[in-house]
Amino acid sequence: MTIMDGAIRHDWSVEEIAALHERPLLELIGRANAVHRRHHDPNKVQKASLLSIKTGGCPEDCAYCPQSAHHREVDLTRDRIMDPASVIAMARKAKTAGAERFCMGAAWRQVRDGKEFDAVIEMVEGVRSLGMEACVTLGMLKPHQAERLAKAGLSAYNHNLDSSPEFYGKIITTRTYEDRLETLAIVRAFGIDLCCGGIIGMGETIEDRAGMLKVLACMDPHPESVPINALVPVEGTPLARRPRIDPLELVRMVATARLVMPASMVRLSAGRSALNREAQILCLVAGANSVFYGDTLLTTPNADIGEDAELFAALGQEESERA
Ligand code: SAM
Ligand code: DTB
Ligand code: SF4
């Protein structure tokens, strides 16, 4: 037993994190679970609902993303921003279905002032007035825009680092890692919680996975929320032919994230639909404490609703009435 497991530290090295990741699986899961139980209620799995409020036509070239305008072969229509009233109605439904957090995503490179951003502000206020946590992901942000979001009561801003600084350029060329870090610092400066994580299964190495966790775990404070996505390969994107990762790689990534960021919410995010019930439970034992709940993620199908009912029944968590 390593005595120091569970301490909040900001001085992690890539080597140390990679070594943790490579510990024998049962040791890794056991240690992560011990830390998890120390910092969180092990029976609680938070349901978050996800909605694409503005889909497609994004100028960025993220290789994994079906919403990039660079990937012309993707079968996706480009939509205008949704109207706030329908978004708030969907949030209300999600709340009835058991979601505590409502996350809204826009396929933007950056926020622009004007009617569309005003609409987002209205959505955030509406979701907060339902008593739900509100999270948005809108791309890059300027200080005065973060300030408006904070005033509207935004709980968290999602802005992923996706991978290590070294691997990043192989996946995205239209912005830099530095751009990402700058937005994260702006969000933090206005007192908004950070939701920041990444994707595994894009062709990166274990060092890259550890490298991303190092950047996150060396932030002070740690991001309050760390989404771990498994790549959902989408037809028409450059990563369409990537094989699905072995679910145990996700277990290792979740466990390592839990060990290096003991108090953060670790979210088992995209890619859950490819995991059976038991693999998902392993991720929850290894330290995940939230899932996206509902039919769709942003543009791709989420875990099946019926299977989720079985998952929550197996966990002994009451299934709330579906809207
Ligand atoms: N445009 C904004 C941005 O990039 O910050 C917000 C929306 S973007 C779709 C949010 C996140 O979804 C990305 O950072 C990425 O981590 C994740 N994502 C997108 N496509 C994915 C895929 N095919 N598989 C797994 N995760 C994906
Ligand atoms: C995150 O890390 N994962 C979510 C949320 N943040 C916005 C998005 C997953 C998107 C998966 C691909 C899609 O459905 O378009
Ligand atoms: Fe645009 Fe975000 Fe998709 Fe990148 S991940 S193409 S920034 S919507």
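Residues numbered from 1 in each chain as written. Chains lettered and ligands numbered in written order. Predicted model: local features only at pLDDT ≥ 70, side-chain atom pairs only at ≥ 80, totals over all residues. Heavy atoms only, no water.

Visitor: Hey, could you go over the overall build of the protein chain for me, with residue numbers and the actual values?
Guide: Secondary structure summary: the protein chain contains eleven helices and nine strands in total. Once the C-alpha set of the protein chain is aligned to its principal axes, its extents read approximately 55 × 45 × 40 Å. Out of the 323 residues belonging to the protein chain, those deemed buried represent 56%. Nonlocal contacts in the protein chain, meaning residues at least 24 apart in sequence, comprise 75% of its contacts between residues at least 6 apart. Positive and negative charge centroids in the protein chain, built from 37 and 44 side chains respectively, lie 2 Å apart. (Helix = DSSP H or I, 4+ residues; strand = E, 2+ residues; numbered from the N terminus. Buried < 20%, exposed > 50% of the residue type's maximum accessible area, 1.4 Å probe, protein only. Contact = heavy atoms within 4.5 Å. Lys, Arg positive; Asp, Glu negative; His and termini not counted. Charge placed at Lys NZ, Arg CZ, Asp CG, Glu CD.)

Visitor: I'd like a rundown of the site of ligand 3, residues and numbers included.
Guide: The immediate surroundings of ligand 3 are formed by Cys-58, Glu-60, Cys-62, Tyr-64, Cys-65, Ser-68, Ala-107 and Arg-175. A class-by-class count of the residues in the shell around ligand 3 yields five nonpolar, one polar and two charged. (Near = heavy atom within 4 Å. Nonpolar A, V, L, I, M, F, W, Y, C, P; charged D, E, K, R; others polar.)

Visitor: Got a sec to walk through the packing of aromatic side chains? Specific residues and values, please.
Guide: For any two aromatic rings, the description comes down to two numbers: the centre-to-centre distance and the angle of the planes. Counting across every chain of the model gives two aromatic pairs. Between Tyr-168 and Tyr-177, the ring centres sit 5.1 Å apart and the planes meet at 80 degrees, which makes this aromatic pair edge-to-face. Considered together, Tyr-168 and Tyr-177 belong to a single accessibility category, that of buried residues. Their ring planes at 85 degrees and their centres at 5.7 Å tell us that Tyr-293 and Phe-312 sit as a pair that is edge-to-face. One end of the pair, Tyr-293, is in the loop between β9 (290–292) and α11 (305–315); the other, Phe-312, is in helix α11, and 19 residues separate them in sequence. In this structure Tyr-293 comes out as buried when scored by relative accessible area, which is 4%. In this structure, Lys-47 packs its charged tip against the face of Phe-312, placed 4.3 Å from the ring centre. (Phe/Tyr/Trp six-rings, centres within 6.5 Å; stacked < 30°, edge-to-face > 60°. Lys NZ or Arg CZ within 6 Å of the ring centre and 35° of its normal.)

Visitor: With reference to specific residues and values, describe the site of ligand 1.
Guide: What surrounds ligand 1 is a group of 18 residues, the closest being Thr-137, Asn-160, Asp-162, Arg-180 and Val-232. At a separation of 3.2 Å, a nitrogen atom of ligand 1 approaches a polar backbone atom of Trp-108. Asp-162 is positioned such that a nitrogen or oxygen atom in its side chain is 2.7 Å from an oxygen atom of ligand 1. Contact with the protein chains removes 90% of the 550 Å² of surface that ligand 1 exposes when unbound. Grouping the amino acids of the shell around ligand 1 by side-chain chemistry returns ten nonpolar, six polar and two charged. (Polar contact = N/O pair within 3.5 Å; in protein donor to acceptor, adjacent residues only side chain to side chain. Areas by Shrake-Rupley, 256 points an atom, 1.4 Å probe, with all protein chains shown as cover.)

Visitor: Go over the nonpolar core, please, and point to the residues and values.
Guide: Ranked by internal contacts, the top residues of the largest apolar core, which has 94 residues, are Ile-53, Tyr-64, Val-120, Leu-138, Leu-149 and Tyr-157. Per-element accounting of this core gives the leading share, eight residues, to helix α9 (residues 247–260). Counting residues in each nonpolar core, the second largest holds eleven residues, with Ala-48, Cys-103, Cys-135 and Leu-297 among its members. (Core = buried A, V, L, I, M, F, W, Y, C linked by side-chain atoms within 4.5 Å.)

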